[in-house]
Amino acid sequence: MDRFSWSNGLLEINETLVIQQRGVRLYDGDDKAKLDVGVVLLSTHRLIWRDIKNHECCISMPLSQIIFFEEQAAGIGKSAKIVIHLHPPLVNKEPGPYQHSKYSYIKLSFKEHGQIEFYRRLTEEMTQKRWENTPVSQPISTGTGSQGGRTRAVGIVGIERKIEEKRKETDKNISEAFEDLSKLMVKAKEMVEVSRSIANKIKDKQGDITEDETIRFKSYLLSMGIANPVTRETHGSGTHYHMQLAKQLGDMLQAPLELLSPEDLVNACKMFESLKLPLRLRVFDSGVMVVQLQSHSEEEMIASALDNVSEKGSLTAEEFAKLLGLSVLLSKERLLLAEKMGHLCRDDSVEGLRFYPNLF
Amino acid sequence: MSFEWPWQYNFPPFFTLQPNVDTRQKQLAAWCSLALSYCRHHKLYTLDVMEAQESPVFNNKKIERKLSMEAIQVVFEELRKKGNLEWLDKNKSRCLVMWRRPEEWGKLIYQWVSKNGMVNSVFTLYELSSGDDTEGEEFHGLEEWMLMRSLQALQTEGKAEIITMDDGKGVKFF
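Residues numbered from 1 in each chain as written. Chains lettered and ligands numbered in written order. Predicted model: local features only at pLDDT ≥ 70, side-chain atom pairs only at ≥ 80, totals over all residues. Heavy atoms only, no water.

You'll find chain B entered in an unreviewed UniProt entry as Vacuolar protein-sorting-associated protein 25, with Sphaeramia orbicularis given as the organism. In the Sequence similarities (unreviewed entry) part of its UniProt record, chain B is described as follows: "Belongs to the VPS25 family." According to UniProt, the comment filed for chain B under the heading Subcellular location (unreviewed entry) is "Cytoplasm". (UniProt positions renumbered as here; feature names shortened; annotations may be inferred.)

As annotated in an unreviewed UniProt entry, chain A carries the name Vacuolar protein-sorting-associated protein 36 and comes from Sphaeramia orbicularis. Its UniProt record gives chain A the following Function (unreviewed entry) comment, quoted word for word: "Component of the ESCRT-II complex (endosomal sorting complex required for transport II), which is required for multivesicular body (MVB) formation and sorting of endosomal cargo proteins into MVBs."

## Topic: the overall build of chain B
Scanning chain B from terminus to terminus reveals six helices and eight strands. Of the regular secondary structure in chain B, the N- to C-terminal order runs α-β-α-β-β-α-β-β-α-β-α-α-β-β. Residue burial in chain B is summarised as follows: out of 174 residues, 45% are buried. Here the analysis covers contacts within chain B between residues at least 6 apart in sequence; of these, 52% occur between residues at least 24 apart. (Helix = DSSP H or I, 4+ residues; strand = E, 2+ residues; numbered from the N terminus. Buried < 20%, exposed > 50% of the residue type's maximum accessible area, 1.4 Å probe, protein only. Contact = heavy atoms within 4.5 Å.)

## Things to note about the packing of aromatic side chains
All names here are of chain B. Summed over all chains, the structure comprises 26 aromatic pairs over all chains. Both rings, one in F3 and one in Y38, keep their centres 5.3 Å apart while their planes meet at 85°; by these two values the pair is edge-to-face. In this pair, F3 sits in the segment before α1 (21-41) while Y38 sits in helix α1, placing the two residues 35 residues apart along the sequence. The pair formed by F3 and Y38 is uniform in burial state, with each residue classed as buried. (Phe/Tyr/Trp six-rings, centres within 6.5 Å; stacked < 30°, edge-to-face > 60°.)

## Concerning the side chain of R346(A)
Along the polypeptide, R346(A) turns up in strand β13 (residues 344-349). The buried category is assigned to R346(A), whose relative accessible area is 16%. One polar contact links R346(A) to E339(A), side chain to side chain, over a distance of 2.8 Å. Setting aside its immediate chain neighbours within four residues, R346(A) contacts L336(A), E339(A), L353(A), R354(A), F355(A), P13(B), T16(B), Q18(B) and P19(B). (Polar contact = N/O pair within 3.5 Å; in protein donor to acceptor, adjacent residues only side chain to side chain.)

## Brief notes about a negative patch on the surface
Together, E127(B), D132(B), D133(B) and E135(B) give the surface a local cluster of negative charge. Residue position: E135(B) is located in the loop between α5 (125-130) and α6 (144-157). (Patch = residues over 30% accessible without salt bridge, like charges linked within 9 Å, V, L, I, M, F, W, Y side chains within 5 Å. Areas by Shrake-Rupley, 256 points an atom, 1.4 Å probe, with all protein chains shown as cover. Salt bridge = Lys/Arg side-chain N within 4 Å of Asp/Glu carboxyl O. Lys, Arg positive; Asp, Glu negative; His and termini not counted. Charge placed at Lys NZ, Arg CZ, Asp CG, Glu CD.)

## Structural notes on the interface of chain B and chain A
Counting residues at the interface gives 15 residues for chain B and 15 residues for chain A. Here chain B meets chain A over a buried area of about 1,300 Å², counting both sides, of which 62% is carbon and sulfur. Where chain B meets chain A, there are two salt bridges. The salt bridge involving D347(A) is made with R65(B); its shortest N-O contact spans 2.8 Å. If you look at where chain B meets chain A, you find seven residue pairs in polar contact (both at pLDDT 80 or more). Ranked by the residues each element gives to the side of chain B that touches chain A, the list is headed by α1(B), at three residues. For the side of chain B that touches chain A, the class distribution of residues is six nonpolar, six polar and three charged. (Buried area = accessible area lost by both parts, 1.4 Å probe. Nonpolar A, V, L, I, M, F, W, Y, C, P; charged D, E, K, R; others polar.)

## With respect to the environment of P97(A)
Residues and elements named next belong to chain A. Turning to its location among the elements, P97 is positioned in the loop between β8 (80-86) and β9 (105-110). For P97, a relative accessible area of 12% gives the class buried. For the pair P97 and C57, spaced 40 residues apart in the sequence, the C-alpha separation amounts to 9.3 Å. Those residues in contact with P97, other than ones at most four positions away along the chain, are M1, F4, W6, K34 and I59.

## Let's talk about unusual backbone geometry
With a phi close to 85°, N14(A) is a non-glycine residue in the positive phi region. Mapped onto the fold, N14(A) is located in the loop between β1 (5-6) and β2 (17-28). Backbone geometry at K92(B) places phi at a positive 60°, although glycine is not the residue there. On the secondary structure map, K92(B) appears in the loop between β4 (85-87) and β5 (94-97).

## Section: the sheet that holds strand β6 (residues 122-124) of chain B
Hydrogen bonds along the backbone pair up the strands of a sheet, which may run parallel or antiparallel. All names here are of chain B. Here we have three strands laid out as an open sheet, ordered β6-β8-β7, and antiparallel in their pairing. At either end of the open sheet lies a strand with only one pairing partner, and these are β6 and β7 (160-165). Each neighbouring strand pair of the sheet contributes to a mean axis angle of 30°, computed without reference to strand direction. Pairing between β6 and strand β8 (residues 168-173): three bridges, direction antiparallel. (Pairing = 2+ DSSP bridges. Axes fitted to C-alpha atoms, helices over the stretch in contact; angles between N-to-C directions.)

## Concerning the pairing of strand β6 (residues 58-62) of chain A
Sheet faces and side chains relate simply in a regular strand, where the side chains alternate between the two faces. Residues and elements named next belong to chain A. Of all five residues in β6, five are buried; the element is thus mostly enclosed. A two-sided burial pattern is seen for β6, the buried positions comprising C58, S60 and P62 on one face and I59 and M61 on the other. Pairing analysis gives two bridges linking β1 to β6, with the strands arranged antiparallel. Within β6, the residue paired with W6 across the bridge is I59. Two strands pair when backbone bridges link them, and strand β5 (residues 46-51) and β6 are joined in this way by five bridges, in the antiparallel orientation. Within β6, the residue paired with W49 across the bridge is I59. Between β5 and the antiparallel strand that follows it, β6, lie six residues.

Here's what the structure looks like:
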């Protein structure tokens, strides 16, 4: 095995691939080589072997090293082999996987067959000795390739090599990107700053910028995932934070993009009135809290509840909910409120809880 | 003449104790009035609470509603506060229903007495409640315990004096 040198597996100009076979394990003499199963390639000039999993691991040997070779039939549990007897290594041989070997022959073990064809082609090449006709440069080392002429990647090996290089490139990019993550974070912070300042400018200059532009820009911001964000970090905790949150809620009537604790939400809602926002936090006797439009005044709710009940004679919370398209919880709260105000009275029996107009 | 039920009697919420304080006050007033007029109509002077729950007063079979025991107790307490009811036992299982309060009875009796120019006369209790002269009067047939209380009320007002006679009690009107 010490006749092999590390190689990049690229074929030289004038070198042609003859045959390749996968599933081949190398033997140093009778011992299994300290390599995994790989692909053996026969070219006009060399015998090349590459690890299937690790394409970096690639070795080659000039065919001129071969004295002779013979087949070794398969046995029970043993694959067919080709035994190749070799000349001593060249003095100026490039380094390879083995510094020294006590054997002067190697074996190719064909775990996935193909030995017959390989043997035939090897015989051909060893007969024709085409390498003698078209000499190439010294056995190629792991260095970056071109010695004089351009190293052209041809054939399947070339394609494989290109893929390999692309993969390496991608790897490099990714690791660079991760290195740059901190820079990215800084960029993101900048972006948030810019967006926020623009959003504020929009808010201030309501008159100058058209509504259409505003809407468009806001949707733009929204698509970037930034809708005038108010975070704990930017505004700190406490009243100021809740005020800002309340304003935001008032603007959009929808939850901000960040997660809020219920406590924060309630505190923000308590500020609606003081901030002159058209929303109100209403707390029912039962403790249920709802956010409603200011226009949704109590009188209106009660009056409409009374109307509905009067019209139907009596209503349960479920019936009322269905009528109004509200949740049962909310509709019950309304009925209870109307009862509290003295507009309704209740009939509580085995049939359930029903509300009537207060005729007392 | 059959008893005329008030409109509330056929209103289902009437049989549910109302949580709204104002509504409840009106409801209880209506119950007291109904209970008393029913007792007056049927000349009932005592009530057994257990029996009451099944009596038509508190149990309207037509609308399938009846007053809960708790609610009945509340109504009775209300009657007691107004002076129309008196518990006969500590357990509050029987009570006297005074659909007319003693003072009211006393007033009626005195009216009759003075109208007939019998002030300064002496009457036995029997004469007042069951005598021929009082027939047709509302207080005719008044149970003795009720009559006694009525006269006691007049006595307090200084309009009568209860005297003990050989064979019972009597009263002199002033």
